[in-house]
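Letter by letter, the chains look like this.
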Amino acid sequence: DRQPVEARFSYMWRFVDNAWKIVHHHSSAVPKAPGAEKEEAAAEEMYPLAQENFKNWNDALVAKDFKKVA
C-alpha cells in the first residue's frame, strides 16, 4: 500500500533528441519543523514508507521499468 508522504523534489532536465528529458532526480522527506513535536512524531512514523517509495522509484529507474514510476 502506497501512501502520500510530504517530500520535496528536484529534477535536472536536458534537451536530448528534440525532447526534454529528466536526467537526474532527487527527493527527500520534508525536514522537521522546530517546535512541532506532535507533527515530528507523525513524520517519524512515515519515514520507512518514504524510504520504501524512494527505493521503488530508484529500482524502477535502474530496471528501466518506467511504467512503475510514470
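Below is a short write-up of the structure. From a predicted model like this one, the values you see are computed outputs, not experimental measurements.

Rules of the game
- Residues numbered from 1 in each chain as written.
- Predicted model: local features only at pLDDT ≥ 70, side-chain atom pairs only at ≥ 80, totals over all residues.
- Heavy atoms only, no water.
- Helix = DSSP H or I, 4+ residues; strand = E, 2+ residues; numbered from the N terminus.
- Buried < 20%, exposed > 50% of the residue type's maximum accessible area, 1.4 Å probe, protein only.
- Salt bridge = Lys/Arg side-chain N within 4 Å of Asp/Glu carboxyl O.
- Pairing = 2+ DSSP bridges.

### Quick notes on unusual backbone geometry
Okay, step 1: Positive phi, close to 50°, is recorded for Asp-17, a residue that is not glycine.
Okay, step 2: Counting through the fold element by element, Asp-17 comes out in the loop between β1 (7-16) and β2 (19-29).
Okay, step 3: According to the relative accessible area criterion, Asp-17 is exposed, its value standing at 72%.
Okay, step 4: We note that Asn-18 has phi near 65°; this positive angle belongs to a residue other than glycine.
Okay, step 5: Mapping Asn-18 onto the fold places it in the loop between β1 and β2.

### Observations concerning the pattern of salt bridges
Okay, step 1: By the definition in use, this model includes one salt bridge.
Okay, step 2: For Lys-55, the salt bridge is made with Asp-59, and the minimal N-O distance between the two is 2.6 Å. With Lys-55 and Asp-59 both in helix α1 (residues 37-62), this residue pair falls four residues apart, about one helical turn.

### A short note on the pairing of β2
Okay, step 1: Summarising the sheet, β1 and β2 pair through ten bridges and their orientation is antiparallel. Among the inter-strand pairings, Ala-7 is bridged to a residue of β2, identified as Ala-29.
Okay, step 2: Two successive antiparallel strands, β1 and β2, enclose a turn made up of two residues, where Asp-17 displays a positive phi of approximately 50°.

Function-wise, these values are silent; they only describe arrangement.
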